[in-house]
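# Notes for the structure review
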Amino acid sequence: MTRKDLANLMFPNVTETIYDLEKKYPKRKLDDSQIVTRYAPSPTGFIHMGNLLSAFIANKVAKDTNGIFYLRIEDTDNKRKVENGISKIIDDLANFSIVPDEGVMSEDSQKGEYGPYIQSERQEIYNVYAKYMIENDLAYPCFCTETDLENIRSNQEAKKERIGYYSKYATCRNMSVDEAYRRIENKEKYVIRLKSVGDFEKRVVVNDLVRGKVIFPENDIDHVLVKSDGIPVYHFAHVIDDHLMRTTHILRGEEWLSSVPLHLQLFLMLGFEVPKYAHLGLVMKIDENGVRRKLSKRKDKEAAISFYHEKGVPIEAVKLYLMTIANSNFEAFLDANPTAKIEDFKFDFKKVSASGTLFDLDKLINISRNYISRLTALEVYNYALKWALEFDKEFASLLEKYKDYSISIFNIERNQKKPRKDYDTFSSIKSHIWYMYDEYFTDLEYNWAKINDKKEISEILDSYINNYYDIEDDKDTWFNKIKELASSFGYCPDMKEYKLNPDNYKGNVSDIATVIRVAVTTSTMSPDLYEILKLLGTDRIKNRFINIK
Ligand code: GLU
C-alpha cells in the first residue's frame, strides 16, 4: 500500500488537486499596498465591542489602502450556531457603516470570486488539502481513543514532561501505511493529525504588526486538523481560507497569537505565502474596584452594541470612539480637527496598543456630547424622534405634534462658536427639555430655597408679566426690564454694585431672574431664559405663573 492508496481510501470523492484550486482562486490583481483582510466571526449572532473594534479596524485598513474587506463566517463549530446569527452580525456591522466589499452579504447571499465564504460550504476544498497532506506524508490518521489520550497525558504528568501529542508520544505518527489502511477499511474511528516538522528546541519569530517580533518555540505538536466527523478545526480551515481568499493581513484577537507557530508551519508545509499578522489586544475596563480586567459581555452593559442603540448614542460618536481606542494618536488629531471625519485619518498599526485598549464609557459619552453639540437643530430633532419612536412613544408623539417648536428648542444656544453641550445622548434629551411641553408641566412645585416666600414670589411674577414682559423685546431690553423689576422689589440691578454693598439689598438681579426661571422650568439652571420665555409665549408664561404652588 502507498500513501496515495491511503489518501484515496480516505477521500474517494476528491478529484481536484491543490493545483486546481490555485488556478481557481488566483492571486488578486492588486498592488502591494492594497490590503486584503477580513472579519471572520462564528455565527453566534452577537457582536460585542471587542469584535466590533476588530471589524472596524479591518474595514478601515482595507478602505485606507483601497483594498478589500470581506466577511467570512466560521461555522465549523456547530455548537456556536444560532438562528439568524449571520443576519444579526451583518446588521450590527451595517449599523456602523461596515459593509463588506466581498463575502457573506446576507443570510443567503454571497459576493465575490473567492467564495464560498461560509466554512461549512467549503468542505470539498478542505478535503483536497487534507488528501494532499496524507498523500505527501504531512498528515496522518490517528486512531487514539479518549482513553489512549488520557493515558499519554498521565504518563507525561508522571514524568513531568510537556503535555501534548508530539514526537515519541504521538503513537500513531509512525504507524505503517498498511496498518492505517486496514483500520480505516475496518471502519475504525480516526482524526487526521498534522505530522509536525517543528522542533520544540528551536525558535520561530513572528513578525506581528502590532507587537513587533514575538519569539516562540517551534510547534512540534501533531495537532488535530480534521475531526472524526470530517470537519476541519479552525487552525486548518483558516490557513486554507486565508490563502485561497488571498488575504494579505490577518487581524484578529490576541488569543490567537500563541497559535501562530502552528499556523506558520501549516502555511509553509502547504507551500502558501505567509500573510502579515496583527494581533489586537483585549478590550479592557477598570471596574468599580479599580481593577483592570477584560470587558465582559456578561458583566458589562457597555460591551453590548445594543446598549448604545438603547441609550441613543449616535453611531458616529461610537465610531469616533472606536477610532480613538484603535489608534492612540487619533484623539490628538480629533482635538486639532474637531470636525474631521474618520476617513480623513489614516490608520497606523504602530499606534495600536499591544497591551490592550482601555474602554472608557465616560469618554465615549463625552465624544457623543460633543458630536451632538455640532449637529443642527433639525438633525437633533430627527435623531431624537427616531430614538423616541422606539423607546419613548409619548415623547415621540409630542415631538411629532410640535415639530417646529421642538426644533426651536433644540436651536437654543446651538448656532454659536461654543454650542451648549447639555445633551450627551438622545435618551437624555427629555430630561433637559421636558418643561417646555405643557403635557409634562403639570402640578409642579416651585422649589428654590433662597427666595421662597410665596407672597413675594407671586408679587414678583405678577408684576413681571403685567408690567414688564413683552415678547417683542430684544434681549437687551428684556434684560433691562428684569433689572427694573429687581429694583422695584429691593434687589440690586447691578452685580458690581451688589458685590460692593450686599447689605443694602435683599438680593440681586440674578435672584429675580432665577425666580422667573424656576417658575417656568422648575430648575435654577436652564439654557438662555430669554429664548425659553420667547418660545413659551406670554399666555403660557402667565399660566405657569398663576399655577405655581
Ligand atoms: N472565528 C475566529 C474567532 O471568532 C476568527 C479568528 C480569525 O480572525 O482568524 O475568533
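Below or above, wherever it landed, is the structure these notes cover. As the structure is a prediction and not an experimental result, all values here were calculated from the model.

## Topic: the overall build of the chain
Counting secondary structure elements, the chain contains 23 helices and 16 strands. Oriented by its inertia axes, the alpha-carbon framework of the chain measures out at about 115 × 50 × 40 Å. Residue pairs in contact within the chain that sit at least 24 positions apart in sequence constitute 71% of those at least 6 positions apart. On the chain, roughly 27300 Å² of surface is accessible, and the fraction owed to carbon and sulfur atoms is 49%. Looking at the chain, you have 80 positive and 86 negative side-chain charges, and the mean spots of the two groups are 4 Å apart.

## Re the pairing of strand 3 (residues 102-106)
Relative to strand 3, strand 2 (residues 68-71) is paired through 2 bridges, and the arrangement is parallel. Each bridged residue has a counterpart across the sheet, and for Leu71 the counterpart in strand 3 is Gly103. Where strand 3 lies against strand 4 (residues 109-111), 3 bridges are found, and the strand directions are antiparallel. Each residue of the ladder has a partner; that of Gly103, found in strand 4, is Lys111.

## Describing the environment of Phe236
Within the secondary structure, Phe236 is located in helix 8 (residues 234-244). In this structure, Phe236 is in contact with Tyr126, Tyr129, Ala130, Met133, Leu225, Val226 and Leu266, ignoring residues within four places of it in sequence.

## Remarks on the nonpolar core
Counting 180 residues, the largest nonpolar core has Tyr129, Met133, Phe236, Phe410, Tyr437 and Tyr464 as its most contacted members. Of all the elements, helix 3 (residues 49-64) adds the most residues to this core, at 9 residues. Setting aside residues no more than four positions away along its own chain, Phe410 makes contact with Ala377, Val380, Tyr381, Ala384, Leu399, Tyr423, Ile429 and Ile433.

## Here's the deal with the site of the ligand
Around the ligand, the neighbouring residues are Arg38, Ala40, Glu74, Tyr234, Arg252 and Trp256. Between the ligand and Arg38 there is a distance of 2.7 Å, counted from an oxygen atom to a side-chain nitrogen or oxygen. One nitrogen or oxygen atom from the side chain of Tyr234 is found 2.3 Å from an oxygen atom belonging to the ligand. Protein chains bury 83% of the 300 Å² of accessible surface belonging to the ligand in isolation. Classifying every residue of the shell around the ligand gives 3 nonpolar, no polar and 3 charged.

## Considering the pairing of strand 10 (residues 249-253)
Within strand 10, 5 of the 5 residues are buried, which leaves it mostly tucked inside the rest of the structure. Relative to strand 11 (residues 276-280), strand 10 runs parallel, the two sharing 5 bridges. Its bridge partner being in strand 11, Leu251 is matched across the sheet by Ala278. Each parallel crossover has a hand, and for strand 10 linked through helix 9 (residues 260-269) to strand 11 it is right-handed.

## Let's talk about unusual backbone geometry
Going from Gly115 to Pro116, the amide bond is cis rather than trans, its omega being -5°. Examined against the element boundaries, Pro116 turns out to sit in the loop between strand 4 and helix 5 (123-135). Positive phi, normally seen in glycine, also occurs at Lys160, with a value near 55°. With respect to the secondary-structure elements, Lys160 resides in the loop between helix 6 (146-158) and helix 7 (177-185). Lys160 sits in the exposed class, given a relative accessible area of 77%. Here Thr522, not a glycine, exhibits a phi torsion of approximately 75°, which is positive. Here Thr522 lies in the loop between helix 21 (509-521) and helix 22 (529-536). Among the residues examined, Thr522 registers a relative accessible area of 23% and is labelled partly exposed.

## Examining the sheet that holds strand 9 (residues 224-226)
The strand order 5-6-9 describes an open sheet built from 3 strands, whose pairing is antiparallel. Edge positions in the open sheet fall to strand 5 (139-142) and strand 9, since each of these has one partner strand only. The mean angle between the axes of side-by-side strands here comes to 45°, regardless of whether they run parallel or antiparallel.

## Concerning the packing of helix 21 against helix 23 (residues 538-546)
Running from N to C, helix 21 and helix 23 point in directions that differ by 95°, and their axes come no closer than 9 Å. Between helix 21 and helix 23, the interaxial angle falls into the category roughly perpendicular. Residues Ile516, Ala519 and Val520 of helix 21 form the contact with helix 23, whose own contacting residues are Ile541, Arg544 and Phe545. When grouped by side-chain class, the residues that make up the contact of helix 21 with helix 23 number 5 nonpolar, no polar and 1 charged.

## As for the packing of aromatic side chains
For the structure shown, the criterion picks out 27 aromatic pairs. Between the aromatic rings of Trp387 and Phe391, the centroid separation amounts to 5.6 Å while the plane-to-plane angle is 35°, which identifies the pairing as tilted. You can see Trp387 and its partner Phe391 sitting in helix 14 (residues 377-391), 4 residues apart, about one turn around the helix. Measuring from centroid to centroid gives 6.2 Å for Trp478 and Phe479, while their planes differ by 35°, and the two rings are tilted. Given a relative accessible area of 7%, Trp478 falls into the buried group. Owing to a relative accessible area of 33%, Phe479 belongs among the partly exposed residues under this scheme. Among the aromatic residues, those joined into a cluster by ring pairs are Phe395, Tyr402, Tyr405, Tyr437 and Tyr440. Taking NZ or CZ as reference, Arg28 lies 4.0 Å from the ring centre of Tyr114, over its face. In this structure, Arg544 packs its charged tip against the face of Phe441, placed 3.8 Å from the ring centre.

## Some remarks on the sheet that holds strand 4
Strand order across the open sheet formed by 4 strands is 1-2-3-4, with mixed pairing between neighbours. The open sheet has two edge strands, strand 1 (36-39) and strand 4, and neither has a second partner. Strand-to-strand, the axes of this sheet are offset by a mean angle of 30°, without reference to chain direction. Both strand 1 and strand 2 contribute to a ladder of 4 bridges, which runs parallel.

## Some words on helix 16 (residues 403-411)
The complete set of buried residues in helix 16 reads Tyr405, Ser406, Ile407, Ile409 and Phe410. Tucked inside the fold, the buried residues of helix 16 contact helix 14, helix 15 (393-401), helix 17 (429-433), helix 22 and helix 23.

Cut-offs used in this document
Residues numbered from 1 in each chain as written. Predicted model: local features only at pLDDT ≥ 70, side-chain atom pairs only at ≥ 80, totals over all residues. Heavy atoms only, no water. Helix = DSSP H or I, 4+ residues; strand = E, 2+ residues; numbered from the N terminus. Contact = heavy atoms within 4.5 Å. Areas by Shrake-Rupley, 256 points an atom, 1.4 Å probe, with all protein chains shown as cover. Lys, Arg positive; Asp, Glu negative; His and termini not counted. Charge placed at Lys NZ, Arg CZ, Asp CG, Glu CD. Pairing = 2+ DSSP bridges. Core = buried A, V, L, I, M, F, W, Y, C linked by side-chain atoms within 4.5 Å. Buried < 20%, exposed > 50% of the residue type's maximum accessible area, 1.4 Å probe, protein only. Near = heavy atom within 4 Å. Polar contact = N/O pair within 3.5 Å; in protein donor to acceptor, adjacent residues only side chain to side chain. Nonpolar A, V, L, I, M, F, W, Y, C, P; charged D, E, K, R; others polar. Right-handed = clockwise from strand over helix to strand, strands pointing away. Axes fitted to C-alpha atoms, helices over the stretch in contact; angles between N-to-C directions. Parallel < 35°, antiparallel > 145°, perpendicular 65-115°, else oblique. Phe/Tyr/Trp six-rings, centres within 6.5 Å; stacked < 30°, edge-to-face > 60°. Lys NZ or Arg CZ within 6 Å of the ring centre and 35° of its normal.

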